[in-house]
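Read off the chains here:
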Amino acid sequence: MQTMITLSLLLNVGVLIPVCFGLLTSANWVGSAYGAPSEARSILLSVYLSILLVSALLLVISDPKLVIALLLVQVLYKLTTPLTVGSFGNPVVVSNVFIAMVHAITLATIWRSSS
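Along each chain, residues carry numbers from 1 onward, in the same order as the chain's sequence is written. The predicted origin of the model limits local features to residues at a pLDDT of at least 70 and limits the giving and counting of side-chain atom pairs to 80 or more, whereas totals for whole chains, interfaces and linings rest on all residues. Water and hydrogen atoms were dropped before computing side-chain values, which therefore reflect all heavy atoms in the structure.

Caption draft 1: Quick look at helix H5 (residues 91–114). Starting at the N terminus, helices and strands are each numbered in turn, a helix being any DSSP run of H or I of at least four residues and a strand any DSSP run of E of at least two. To estimate how far a helix should reach, multiply one less than its number of residues by 1.5 Å. The end-to-end C-alpha distance of H5, which contains 24 residues, comes to 35 Å, matching closely the 34 Å that a straight helix rising 1.5 Å per residue would cover. The set of residues buried in H5 consists of Val-92, Val-93, Asn-96, Ile-99, Ala-100, Val-102, His-103, Thr-106, Leu-107, Thr-109 and Ile-110. Tucked into the core, H5 has its buried residues touching helix H1 (2–25), helix H2 (28–34), helix H3 (39–60) and helix H4 (64–85). Polar contact criterion, stated in full: a pair of N or O atoms within 3.5 Å, where within protein one must be able to donate a hydrogen and the other to accept it, and residues adjacent in sequence count only if both atoms are side-chain atoms. Two or three places before Val-92, at the opening of H5, Asn-90 has a side-chain oxygen 2.7 Å from that residue's backbone nitrogen. For each residue, the accessible area found with a 1.4 Å probe, counting protein chains only, is set against the maximum for its type, and the residue is called buried under 20%, exposed over 50%, and partly exposed in between. The contact criterion used throughout is that any non-hydrogen atoms of two residues lie within 4.5 Å.

This is the structure we're talking about:
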């Protein structure tokens, strides 16, 4: 169980550091993935920074109940992105679905170990 928790949290940190940095600096690739600079993109950055900080904290303070809450919200929002975006063509949608699968496995692992 702990291995999967660590994997999911490290995946969050490993993905979100470059994504947040790219959004903060308006890197060249950001426009095609997230659109032009806007208030909505800044709000998304805030959400991503929050997930990044909580993931880093949970790597230090390992509490499966808190991990469940974080990952469950992520799985739900990541799996709804193809519906809200309207396609699977966007690279953010593709990565969201992949990450949601990893987090779902982690959630199942936690569930099985607590039963």
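Caption draft 2: Quick peek at the packing of aromatic side chains. Any two rings among Phe, Tyr and Trp, with Trp reduced to its six-membered ring, count as a pair given centres within 6.5 Å; such a pair is stacked if its planes are under 30 degrees apart, edge-to-face if over 60, and tilted if neither. Summed over all chains, the structure comprises two aromatic pairs. Taking the centre distance of 6.1 Å and the plane angle of 75° together, the rings of Tyr-34 and Tyr-48 count as edge-to-face. Here Tyr-34, found in helix H2, pairs with Tyr-48, found in helix H3; they are 14 residues apart in sequence, far enough to count as distant. Comparing Tyr-34 with Tyr-48 shows no difference in burial state: the two are buried. An aromatic cluster is present here, built from Trp-29, Tyr-34 and Tyr-48 joined pairwise through their rings.

Caption draft 3: Up close: the packing of H3 against H4. As a packed pair, H3 and H4 sit with axes 11 Å apart at the nearest point and diverge in direction by 150°. Taken as axis vectors, H3 and H4 run roughly antiparallel relative to one another. Crossing geometry of H3 relative to H4 is assigned as left-handed. From H3, Tyr-48, Ile-51, Val-54, Ser-55 and Leu-58 reach across to H4, where they touch Leu-66, Val-67, Leu-70, Gln-74 and Tyr-77. A fitted line through C-alpha atoms represents every axis, and for helices the fit uses only the stretch in contact; the resulting angles, taken between N-to-C directions, go from 0 to 180 degrees. By the definition adopted for this analysis, an angle is roughly parallel if under 35 degrees, roughly antiparallel if over 145, roughly perpendicular if from 65 to 115, and oblique otherwise. Note on convention: near helix rotated counterclockwise from far helix by under a right angle means a left-handed crossing. Clockwise means right-handed.

Caption draft 4: Fine view of the nonpolar core. Leu-9, Leu-16, Leu-23, Tyr-34, Tyr-48 and Val-67 are the most contacted members of the largest nonpolar core, which totals 22 residues. Of all the secondary-structure elements, those providing two or more residues to this core are H1, H2, H3, H4 and H5. Of all the elements, H1 adds the most residues to this core, at seven residues. We define the nonpolar core as a collection of buried residues of types Ala, Val, Leu, Ile, Met, Phe, Trp, Tyr and Cys that are connected through side-chain atoms lying within 4.5 Å of one another.

Caption draft 5: Summary view of the confidence of the model for the protein. Confidence scores labelled pLDDT are given residue by residue by the predictor and lie between 0 and 100. Across the protein, the average pLDDT comes to 96, with 100% of residues at or above 70. Least confident of the elements in the protein is H2, whose mean pLDDT is 94; most confident is H1, at 98.

Caption draft 6: Quick look at H1. The terminal C-alpha atoms of H1, which comprises 24 residues, lie 34 Å apart, in line with the 34 Å expected from a rise of 1.5 Å per residue. To get the bend at a given residue, fit one axis to the seven residues ending there, fit another to the seven starting there, and take the angle between those axes. Approximately 30° is the largest bend angle found in H1, and it occurs at Leu-16, with the proline Pro-18 only one to four residues beyond. Every buried residue belonging to H1 is among Met-4, Ile-5, Ser-8, Leu-9, Leu-11, Asn-12, Val-13, Leu-16, Val-19, Cys-20, Gly-22 and Leu-23, and all of these are buried. Buried residues along H1 sit in contact with H2, H3, H4 and H5. One or two residues past the end of H1 sits Ser-26, with phi positive at roughly 50°.

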